[in-house]
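Chain by chain, the residues:
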Amino acid sequence: MDARRVSQVVPKVRQVGFVTHSDPNPPPQASRTQSVPIESNSGTPYDSPDFSPVMIPPPRHHSENLSHLRSAAVAVPESSSRRPMWDDRVAVVGSYNPGNSLLGQPVSPNSSEVNSEASTTLGWFGRNSSGKFSAGSSFPGGGFDLTTVKMENFTQLEGKKPEAVPERGGGAAVEVHNEVSSSTAKAKTTKAERRAMQEAQRAAKAATKGKGGGGGVEVNNRESSSNTLKAKTTKAERRETQEAQRAAKAAGKAQGNKPVAAAGGAGPSNILRQPSQNRDDPAVGSTIAGSDRRGGDRPPERERKKDVPPPRMQFDDQGRVNKSKKRAVFNQPEAKNRVELFRHLPQYEHGSQLTDLESKFLELDSMHPAVYKVGVQYLAGDVTGGNARCIAMLRAFQEVINDYSTPPGKTLVRDLTAKISSYVSFLIECRPLSMSMGNAIRFQKSRIAKLPLTLSETEAKAALCNDIDRFINEKIILADKVIVRHAATKVRDGDVLLTYGSSCVVEMILLYAHELGKQFRVVVVDSRPKHEGQALLRRLLAKGLSCTYTHINAVSYIMHEVTRVFLGASSVLSNGTTYSRVGTACVAMVAHAFRVPVLICCEAYKFHERVQLDSICSNELGDSNDIARVPGRPDVNSMDNRTNEKNLQFLNLMYDATPSEYVSMIITDYGMIPPTSVPVIVREYRREYLLI
Amino acid sequence: MSMSAYYQTRAAHHGVVTSDWLAQSQEAATRAVVTGGQEIVDGGKSGRAFSVIDEFNNWRKQPDLAEAVAAIRALAAVIRNSEAKTMMELEIELKKASDSLKSWDTTSISLTAGCDLFMRYVTRTSALEYEDFNSARSRLIERAEKFGEISYKARKIIAMLSQDFIFDGCTILVHGFSRVVMEVLKMAAQNKKLFRVLCTEGRPDRSGLRLANELAKLDVPVKLLIDSAVAYTMDEVDMVFVGADGVVESGGIINMMGTYQIALVAHSMNKPVYVAAESYKFARLYPLDQKDMGPALRPIDFGVPIPSKVEVETSARDYTPPQYLTLLFTDLGVLTPSVVSDELIQLYL
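Residues numbered from 1 in each chain as written. Chains lettered and ligands numbered in written order. Predicted model: local features only at pLDDT ≥ 70, side-chain atom pairs only at ≥ 80, totals over all residues. Heavy atoms only, no water.

Draft legend 1. A look at the overall build of chain A. A tally of helices and strands in chain A yields 25 helices and 11 strands. A total of 692 residues make up chain A; the buried ones form 50% of that total. Here the analysis covers contacts within chain A between residues at least 6 apart in sequence; of these, 78% occur between residues at least 24 apart. If you sum the accessible surface of chain A, you get close to 32,400 Å²; carbon and sulfur atoms cover 55% of it. (Helix = DSSP H or I, 4+ residues; strand = E, 2+ residues; numbered from the N terminus. Buried < 20%, exposed > 50% of the residue type's maximum accessible area, 1.4 Å probe, protein only. Contact = heavy atoms within 4.5 Å. Areas by Shrake-Rupley, 256 points an atom, 1.4 Å probe, with all protein chains shown as cover.)

Draft legend 2. Fine view of the overall build of chain B. Secondary structure summary: chain B contains 12 helices and 10 strands in total. By the burial criterion, 56% of the 349 residues in chain B qualify as buried. Residue pairs at least 24 apart in sequence account for 75% of intrachain contacts in chain B once pairs closer than 6 positions are excluded. Entry remark: accessible area of chain B is about 14,600 Å², with carbon and sulfur atoms responsible for 55%.

Draft legend 3. Structural view of the sheet that holds strand β8 (residues 317-320) of chain B. Residues and elements named next belong to chain B. On the basis of which strands lie adjacent, the open sheet formed by 3 strands has the order β5-β6-β8 and antiparallel pairing. Taken across any chain shown, the strands that pair with only one partner, and hence form the sheet edges, are β5 (246-247) and β8. Seen against the sheet, helix α11 (residues 259-268) touches β6 (253-256) and β8 and runs at an angle of roughly 35° to β8. (Pairing = 2+ DSSP bridges. Axes fitted to C-alpha atoms, helices over the stretch in contact; angles between N-to-C directions.)

Draft legend 4. How the structure looks around a nonpolar patch on the surface. Residue and element names in this part refer to chain B. Together, Phe302, Val304, Ile306, Val310 and Val312 give the surface a local cluster of nonpolar side chains, amounting to about 400 Å² of exposed area. With respect to the element layout, Val310 can be found in the loop between β7 (273-276) and β8. Residue Val310 is classed as partly exposed on the basis of its relative accessible area of 44%. (Patch = residues over 30% accessible without salt bridge, like charges linked within 9 Å, V, L, I, M, F, W, Y side chains within 5 Å. Salt bridge = Lys/Arg side-chain N within 4 Å of Asp/Glu carboxyl O.)

Draft legend 5. Up close: the environment of A:Asp493. All names here are of chain A. Mapped onto the fold, Asp493 is located in the loop between α19 (457-488) and β1 (495-500). When the C-alpha atoms of Asp493 and Phe520 are compared, they prove to be 5.8 Å apart, with 27 residues separating the residues in sequence. Once residues within four sequence positions are removed from consideration, Asp493 is found in contact with Gly517, Lys518 and Gln519.

Draft legend 6. Region of interest: the packing of aromatic side chains. With the rule as written, the count across this model stands at 11 aromatic pairs over all chains. Relative to A:Tyr605, the ring of A:Phe471 lies with its centre 5.7 Å away and its plane at 85°, an arrangement referred to as edge-to-face. Note that A:Phe471 is positioned in helix α19 and A:Tyr605 in the loop between β7 (598-601) and β8 (607-608), a separation of 134 residues in sequence. Assigned by exposure class, A:Phe471 and A:Tyr605 land together as buried. Ring geometry for B:Phe165 versus B:Tyr274: centroids 5.4 Å apart, planes at 65°, classification edge-to-face. (Phe/Tyr/Trp six-rings, centres within 6.5 Å; stacked < 30°, edge-to-face > 60°.)

Draft legend 7. Geometry of the nonpolar core. Residues and elements named next belong to chain B. If you look at the biggest cluster of nonpolar residues, it comprises 62 residues, and the most contacted ones within it are Ile79, Phe118, Leu173, Met234 and Val240. Counting residues per element, this core draws most heavily on helix α4 (residues 67-81), which supplies 10 residues. Sequence-distant contacts of Ile79, that is, excluding residues within four places in its chain, are made with Leu90, Leu94, Phe118, Val122, Arg137, Leu140, Ile141 and Ala144. (Core = buried A, V, L, I, M, F, W, Y, C linked by side-chain atoms within 4.5 Å.)

Draft legend 8. Highlighting the pattern of salt bridges. All told, the structure shown has 27 salt bridges over all chains when counted by the stated rule. A salt bridge links A:Arg470 to A:Glu474; the shortest N-O distance between them is 3.7 Å. With A:Arg470 and A:Glu474 both in helix α19 and 4 residues apart, the pair spans about one turn of that helix. In this structure, the salt-bridge partner of B:Lys102 is B:Asp116, at a minimum N-O distance of 2.7 Å. Of this pair, B:Lys102 sits in helix α5 (residues 87-104) while B:Asp116 sits in helix α6 (residues 109-123); the two residues are 14 residues apart in sequence, bridging distant segments of the chain. For the pair formed by B:Lys102 and B:Asp116, the shared burial category is buried. In the salt-bridge network here, residues are joined through shared partners; they are A:Lys490, A:Arg492, A:Arg564, B:Asp289 and B:Asp292.

Draft legend 9. Fine view of the sheet that holds strand β3 (residues 222-225) of chain B. Residue and element names in this part refer to chain B. Taken in spatial order, the 7 strands of this open sheet run β3-β2-β1-β4-β7-β9-β10, and their pairing is mixed. The open sheet has two edge strands, β3 and β10 (333-335), and neither has a second partner. The sheet shows a mean angle of 25° between the axes of neighbouring strands, taken without regard to direction. Inspection of the sheet shows strand β4 (residues 239-242) paired to β7 by 3 bridges, in the parallel sense. The residue of β7 that forms the bridge with Phe241 is Tyr274. Against the sheet, helix α8 (residues 179-190) makes contact with β1 (170-174), β2 (195-200), β4 and β7, and its axis sits at roughly 160° relative to β2, the strand it touches most.

Draft legend 10. Main features of α11(B). Residues and elements named next belong to chain B. All buried positions along α11 are accounted for by Thr259, Ile262, Ala263, Val265 and Ala266. Looking straight down α11, one finds that the buried residues subtend no more than 165° of arc, so they occupy a single side. Immediately downstream of α11, the backbone of Asn270 shows phi near 60°, a positive value. (Arc of directions from axis to C-beta.)

Draft legend 11. Molecular detail of the pairing of β7(B). All names here are of chain B. Because side chains alternate across β7, one face comprises the buried residues Val273 and Val275, and the other comprises Tyr274 and Ala276, equally buried. Looking at chain direction, β7 and strand β9 (residues 327-330) are connected through 3 bridges and run parallel. Looking across to β9, one finds that Tyr274 is bridged to Leu327.

Draft legend 12. Region of the structure containing the environment of B:Lys291. Residues and elements named next belong to chain B. Within the secondary structure layout, Lys291 lies in the loop between β7 and β8. Judged by its relative accessible area of 62%, Lys291 is exposed. Along the primary structure Lys291 and Ser315 are separated by 24 residues, whereas in three dimensions their C-alpha atoms are 9.8 Å apart.

Draft legend 13. Representation of the confidence of the model for chain A within the structure. Residues and elements named next belong to chain A. With 49% of its residues at a pLDDT of at least 70, chain A reaches an overall mean of 67. Low pLDDT, under 50, characterises residues 210-233; the predicted model gives this stretch 46 contacts beyond four residues in sequence or across chains. pLDDT under 50 marks residues 256-299. Its contacts with residues more than four places away, or in other chains, come to 81 contacts. (pLDDT = per-residue confidence, 0-100.)

Draft legend 14. Here's a closer look at unusual backbone geometry. Put simply, A:Arg528 and A:Pro529 share a cis peptide bond, and its omega is -10°. Residue placement: A:Pro529 occurs in the loop between β2 (520-526) and α21 (532-542). With omega at 0°, the peptide bond leading from B:Arg203 into B:Pro204 counts as cis. Structurally, B:Pro204 is set in the loop between β2 and α9 (207-217). The backbone of B:Arg206 shows a phi angle near 55°, a positive value even though the residue is not glycine. Within the secondary structure, B:Arg206 sits in the loop between β2 and α9. Since its relative accessible area comes to 40%, B:Arg206 is described here as partly exposed.

Draft legend 15. Fine view of α9(B). Within α9(B), burial applies to B:Ser207, B:Gly208, B:Arg210, B:Leu211, B:Ala212 and B:Leu215. With its phi angle positive at about 65°, B:Asp219 sits one or two positions after the end of α9(B).

Draft legend 16. Quick look at the pairing of β4(B). All names here are of chain B. Here β4 shows a buried face lined by Met239 and Phe241 and a second buried face lined by Val240 and Val242. Judged from the 3 bridges that link them, β1 and β4 form a sheet pairing that is parallel. The partner of Leu173 across the bridge, within β4, is Val240.

Draft legend 17. Up close: the packing of helix α16 (residues 386-402) of chain A against helix α17 (residues 412-430) of chain A. Residue and element names in this part refer to chain A. Between α16 and α17, whose axes approach to 12 Å, the crossing angle comes to 140°. By crossing handedness, the relation of α16 to α17 is classed as right-handed. Facing α16, whose interface residues are Met393, Phe397, Val400 and Ile401, α17 presents Leu416, Ile420, Tyr423, Val424 and Leu427. (Left-handed = near helix turned anticlockwise from the far one by under 90°.)

Draft legend 18. How the structure looks around the packing of helix α15 (residues 369-380) of chain A against α17(A). All names here are of chain A. Interhelical geometry of α15 versus α17 gives an angle of 20° and a closest axis separation of 8 Å. When the interaxial angle is binned, α15 and α17 end up roughly parallel. Relative to α17, the crossing made by α15 is right-handed. Counted together, Val371, Tyr372, Val374, Gly375, Tyr378 and Leu379 of α15 and Tyr423, Phe426, Leu427 and Cys430 of α17 form the full contact between these two elements. (Parallel < 35°, antiparallel > 145°, perpendicular 65-115°, else oblique.)

Draft legend 19. View of the side chain of B:Thr233. Residue position: B:Thr233 is located in helix α10 (residues 230-233). The contact partners of B:Thr233, leaving out residues within four places of it in the chain, are B:Leu198 and B:Leu225.

Draft legend 20. Structural context of the confidence of the model for chain B. Residues and elements named next belong to chain B. Mean pLDDT over chain B stands at 80; residues scoring 70 or higher make up 82%. Across chain B, element-level confidence peaks in α11 with a mean pLDDT of 96 and bottoms out in helix α1 (residues 3-13) with 43. Scored below 50 in pLDDT, residues 12-23 makes 29 contacts in the model with residues more than four places away or belonging to other chains. For residues 32-49, every residue scores under 50 in pLDDT, and the model assigns this stretch 17 contacts once sequence neighbours within four places are set aside. Across the predicted assembly, pTM comes out at 0.66 and ipTM at 0.80.

Quick look at the structure:
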């Protein structure tokens, strides 16, 4: 308990647990914001009192939509009398608006009303659609479609107006007014809302079909008829939504085909005067829709791209593989027979790479020697283990930064980031990154990006080196010490501790508990082909611990006498899954079956927000020769030299995923936590350790 | 119901027998005197650590006031009576007071957890650094009193929250005597809910008998079982309601001996197990198994002399892992077991 951080410079302002409410009788739920990510609190949706936190918040670009609605309305011609009133508002709200610059036209008198009406419905739509389609939004495209539909709807709510405009003199304006006002009233009842949505969708469809402004009357008529036979069933509703989506797509296409014409066609009244236009003609509706799409849709899409991490390289994608080969520093012959399920992972012929890389040493003038050295060490397997690899990489980067000088005409922030990226891709070629390294690189890059511009180059370099030192000290070395302290409290006299493979934290725990004078026995479980446990065993024996050494085949036999299982991890994922040396899952499962507590020891910098359910989609393939050959046993080495045989596939996996239900506890530098609390750590400290 | 008997029961509920308990408190008191004496030598102040225990004992005498709440009130009194001139001094004083309280009864989880939470809650504020000492102190007092109030009201809040889970015609199995569970059932009875309660006997201190008595006074239909009849009656039970000595980080609970086996039986018969516990019982403990806790022993009266060669298991409480619990009713809301750890992380880290 004493090892926990006692004070914090900035206390968490989040309202949890023991918070004093000004209200004497605090409603207990009020302080609970658990169910939603904390970031979403910054958004406005929660300010509205009726918005339950359980509901999925509406997409954040409401205001954007609105502004585009308004600006889109500009494309609609109107009598010039109201122009000044609107102009300044348009200037304020219109961020992207081709029609505005082209025409400089004011908006209809009703548009403010329509806007307000639209905004109320918009709010409703935002909620409704997000609530209704929440299941749909779990697949990637879901959110996109939604926004499209929504925007289309509102564009068309607007779009109705211009259609009615030419009739204005003829007295149709009344009808329009009625409709608008009625729809404002309608916005309150859900049934009516549904109808409004249908109308809008109809309008969208009609507009995209190229009926244009002239067809406005017809559209209106159709609308009124559709009002009468409103489809109440959800099925019909769904169909409407689909149609609207299709319409939106069509509108987008039309817009893409004839951008120039659209711009030209947006001229005030000539479109509207034309009683009927054929399909090819760009319609006002579609223009609006198109511009709206362009304006309103792209930014969220871009944002979304930013949120989604770039997809990992899939090595069964031939095109990409070829492309990446062109960029590669040295060519690695690929293994021919890869197991069907693991084609997406890189696997190379081992043995030839090292000599190939060594021969290229002089050619690689762009490569910093320190990085080159680390790369070769990775490749040769001299540096293994998550922490060691991470520290080696960071030290190499430190040297890179020390030797770095900004080339003329470039800025340090950009150039250094690019350089580091190129080094990282070199290191990936040598061996795929571990997740801990990924996190460290992310940290490094964010530090570079956040450098104040006022710093001189030497200052910046010193700051970055300092940051790396601090990362290594605080997140790795000190974290290990804290973990060791915590874990030692779980070792009692007479315990039998089992460990698998060789984890440096577990080794430290065992040695520390031994130093404390606890009486316990260690079972080291090992596996082919790496035999990492033997090195651990040697070091433990040197310190005088009593050990048992066995292979993973015997784990079920040995487990009944074990009281604790201590395991290391390469990474712990958000769902509590532990990603670790292959065989860990097996040991954990056997331990679980014997009701032996499994303790995972892992520094918090190795936590990752990814969720993984199996060990197939992300893994590393080792040298197939390693498992094909048994050293020192020529009699069983019949498999030798058959690694390229066509109907024989070797699978040498490096990692596996241990489901969280087999894990009793995760010991991390933030204390001992259940696997269900990993997301809390990731959420609360992700930002912090990017800032450190 | 005499006062002393009440606290004897309570002490037994916490797994400390009266004689042990008194000896322990005496020991702690002497220790406190020693530290107080040192303080006199050091700073020339009157023994303050001694007064914490006094204060605590004063509060403790109030009926229905939980031990932890008494400790919280006593700590608040420490701030109020402090003569410290700087924040650092005050903090050290508070720390000393809470340590002496904790050492007063090391087996009580809620006391330790309550003191820890008080320290976290009261001292965790950045505004203190920017204020002058007096206003900062008054702010501390304010927070301390608020915390005391929240803790005091916790039981009522829990009772209110759990009303939704008690439906007409249900049968509830309870184990031992827990004041929170009592409050829950009392409120349900007041709300004119029709339910039946099965009380275990609650050996060795027979706290279940007491609960049965109290419920009978409220005209709630009660049936008494011996502790070993739990599995026999589980098929007619709709839900299991237990209190907790402490809620640990995994989301499991430490409670009176027998809770674990009831939870196991309920789990195997797919009956929900609800735990009513105030949030000041959330402790930074993480037992991995039953033996992974500080022992709380309690001699058991078997009625007949036991030969000296026969060993007696005198442990007073057990640990129920989170997978056997359905929901926790706390003053923070109705939580699943996994949320406990989230709350603790946010509070302590």
